[in-house]
Amino acid sequence: MSNVCQLVEEKLKKEFEASHVEVKDLSDGCGAKIEAVIVSEKFQGKPLLQRHKMVYGCLEEEMKTIHAFSQKTYTPEQWAKQQAN
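Just so it is clear, the structure is predicted and the values come from calculations on it, not from any experiment.

Q: Which parts of the structure should I look at to understand the packing of helix α1 (residues 3–16) against helix α2 (residues 48–58)?
A: If you want to describe how two helices pack, look at the angle between their axes and the distance between the axes. Here α1 crosses α2 at 120°, and the two axes come no closer than 10 Å. In terms of orientation, α1 lies oblique with respect to α2. For the element pair α1 and α2, the recorded crossing hand is right-handed. Side by side, α1 and α2 meet where K11, L12, E15 and F16 of the first sit next to M54, V55 and C58 of the second. Looking at side-chain class alone, the contact of α1 with α2 contains five nonpolar, no polar and two charged residues.

Take a look at the structure:
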């Protein structure tokens, strides 16, 4: 995992008090293309667009060096359903 991915994972865990965070570097190690899965109670009752804006706000500084960022945001209940499938 790249340093950028580690930093992103730590920030997401802290900011969202996440029960699960997965961050993958899809850019051969340079950290410019990242995929993230975030599971947090803080997403409860929030529409997808608002969740994504929350994540982008948290990673404002890091987004200056990330060229592609894909995210999936779930509440714990949604994540449990996702894992059951």
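Q: What is the right way to look at the sheet that holds strand β1 (residues 20–25) in this model?
A: Strand pairing within a sheet occurs via backbone hydrogen bonds; the two strands may be parallel or antiparallel. Strand order in the open sheet made by the three strands is β1-β2-β3, with mixed pairing throughout. Strands with a single pairing partner mark the edges of an open sheet, and in this sheet they are β1 and β3 (68–74). For this sheet, the mean angle separating the axes of adjacent strands, direction not counted, is 10°. Inspection of the sheet shows β1 paired to strand β2 (residues 33–39) by six bridges, in the antiparallel sense. Bridge assignment links K24 to a residue of β2, and that residue is E35. Of the strands in this sheet, β1, β2 and β3 touch helix α3 (residues 76–84), which is tilted by about 100° from β3.

Q: Which parts of the structure should I look at to understand unusual backbone geometry?
A: Glycine aside, negative phi is the norm for most residues, and most peptide bonds take the trans geometry. Located in the positive-phi region is E17, a residue other than glycine, with phi close to 45°. By the element assignment, E17 lies in the loop between α1 and β1. The exposed category is assigned to E17, whose relative accessible area is 61%.

Q: Is there a simple way to explain the environment of S40 in this structure?
A: With respect to the helices and strands, the residue S40 is situated in the loop between β2 and α2. The class of S40 is buried, set by a relative accessible area of 1%. Expressed as a C-alpha distance, the spacing of S40 and V21, which sit 19 residues apart in the sequence, is 8.9 Å. One polar contact links the side chain of S40 to the main-chain amide nitrogen of K42, over a distance of 3.0 Å.

Q: How do you make sense of the environment of F16 when you look at a structure like this?
A: Examined against the element boundaries, F16 turns out to sit in helix α1. C-alpha of F16 to C-alpha of S2: the two residues are 14 residues apart in sequence and 21 Å apart in space. With sequence-adjacent residues up to four places away left out, F16 is seen in contact with I38, S40, K42, F43, M54, V55 and C58.

How each quantity is defined
- Residues numbered from 1 in each chain as written.
- Predicted model: local features only at pLDDT ≥ 70, side-chain atom pairs only at ≥ 80, totals over all residues.
- Heavy atoms only, no water.
- Axes fitted to C-alpha atoms, helices over the stretch in contact; angles between N-to-C directions.
- Helix = DSSP H or I, 4+ residues; strand = E, 2+ residues; numbered from the N terminus.
- Parallel < 35°, antiparallel > 145°, perpendicular 65-115°, else oblique.
- Left-handed = near helix turned anticlockwise from the far one by under 90°.
- Contact = heavy atoms within 4.5 Å.
- Nonpolar A, V, L, I, M, F, W, Y, C, P; charged D, E, K, R; others polar.
- Pairing = 2+ DSSP bridges.
- Buried < 20%, exposed > 50% of the residue type's maximum accessible area, 1.4 Å probe, protein only.
- Polar contact = N/O pair within 3.5 Å; in protein donor to acceptor, adjacent residues only side chain to side chain.

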